[in-house]
Amino acid sequence: MTEPPPATDEERRAAGMRTRREVLGDAHVDRAVAGTTPFTADFQDFLTRTAWGDLWQRPGLTRRERSMLTLAITASLRHWDEFALHVRAAVTNGLTDAEIAEVCQHTAVYAGVPAANHAFVVARPILEELRGVSGPPG
């Protein structure tokens, strides 16, 4: 039986923090939380409740599918720091290097070759690091 979605802000916050940690890793979330200031506190809470506690909790897509979408969207919008973060998250969510490459390839048609080309440039060293291999330069 599927759990009902979080109904209150507190439930969304708790579910969001749990999912955020599962997808992005404790080290990243700990750094984000430690870097929270009075200026950024409301935004961090918004991200945790809304993106991670609401959107990523919805039953309509798997985490793998959400990772694919997030990679395509962040590459299309050329948000490279977020893209890099979500390459790691995509691996955590079970995407293979070949699937991540397919997302980058798909992005070329719908968002442009320059965006896809740079997505490959950003993703490759991350995947090599995670897999413990290195490929040829360039």
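Residues numbered from 1 in each chain as written. Predicted model: local features only at pLDDT ≥ 70, side-chain atom pairs only at ≥ 80, totals over all residues. Heavy atoms only, no water.

Draft legend 1. Just the overall build of the chain, in detail. A tally of regular secondary structure across the chain gives 7 helices and 0 strands. Along its sequence from the N terminus, the chain presents helices and strands in the succession α-α-α-α-α-α-α. Taken against the 2.2 N^0.38 rule, which gives 14 Å for 138 residues, the C-alpha radius of gyration of the chain at 16 Å falls within 12% of a compact globule. Along the first, second and third principal axes, the C-alpha atoms of the chain reach 50 × 35 × 30 Å. The buried share of the chain, taken over its 138 residues, is 33%. Pairs at least 24 apart in sequence give 65% of the contacts found in the chain among residues at least 6 apart. Here the chain has roughly 8500 Å² of accessible surface; of this, 60% comes from carbon and sulfur atoms. Put simply, the chain has 15 plus and 18 minus side-chain charges, and the middle of one group is 1 Å from the middle of the other. (Helix = DSSP H or I, 4+ residues; strand = E, 2+ residues; numbered from the N terminus. Rg over C-alpha atoms; globule rule 2.2 N^0.38 Å. Buried < 20%, exposed > 50% of the residue type's maximum accessible area, 1.4 Å probe, protein only. Contact = heavy atoms within 4.5 Å. Areas by Shrake-Rupley, 256 points an atom, 1.4 Å probe, with all protein chains shown as cover. Lys, Arg positive; Asp, Glu negative; His and termini not counted. Charge placed at Lys NZ, Arg CZ, Asp CG, Glu CD.)

Draft legend 2. Geometry of the side chain of Asn93. Secondary-structure assignment places Asn93 in the loop between helix H5 (80-92) and helix H6 (97-111). For Asn93, the residues in contact, after removing those within four places along its chain, are Val23, Trp56, Arg63, Arg64 and Ser67.

Draft legend 3. View of the nonpolar core. One finds Leu71, Phe83, Val87 and Ile100 to be the most contacted residues of the largest nonpolar core, which totals 17 residues. Contributions of two or more residues to this core are made by helix H4 (63-76), H5, H6 and helix H7 (113-131). Excluding residues that lie within four positions of it along the chain, Leu71 makes contacts with Phe83, His86, Val87, Ala90, Leu95, Ile100 and Val103. With 7 residues, the next largest nonpolar core counts Val23, Trp56, Leu85 and Ala89 among its residues. (Core = buried A, V, L, I, M, F, W, Y, C linked by side-chain atoms within 4.5 Å.)

Draft legend 4. Expanded view of the side chain of Arg20. For Arg20, the position within the fold is in helix H1 (residues 9-24). Of the side chains bearing the opposite charge, Glu82 lies closest to the buried Arg20, which forms no salt bridge; the N-O distance is 8.1 Å. A distance of 2.8 Å separates a polar atom in the side chain of Arg20 from a polar atom in the side chain of Thr48. Excluding residues that lie within four positions of it along the chain, Arg20 makes contacts with Gly25, Val29, Ala32, Gln44, Thr48 and Trp52. (Salt bridge = Lys/Arg side-chain N within 4 Å of Asp/Glu carboxyl O. Polar contact = N/O pair within 3.5 Å; in protein donor to acceptor, adjacent residues only side chain to side chain.)

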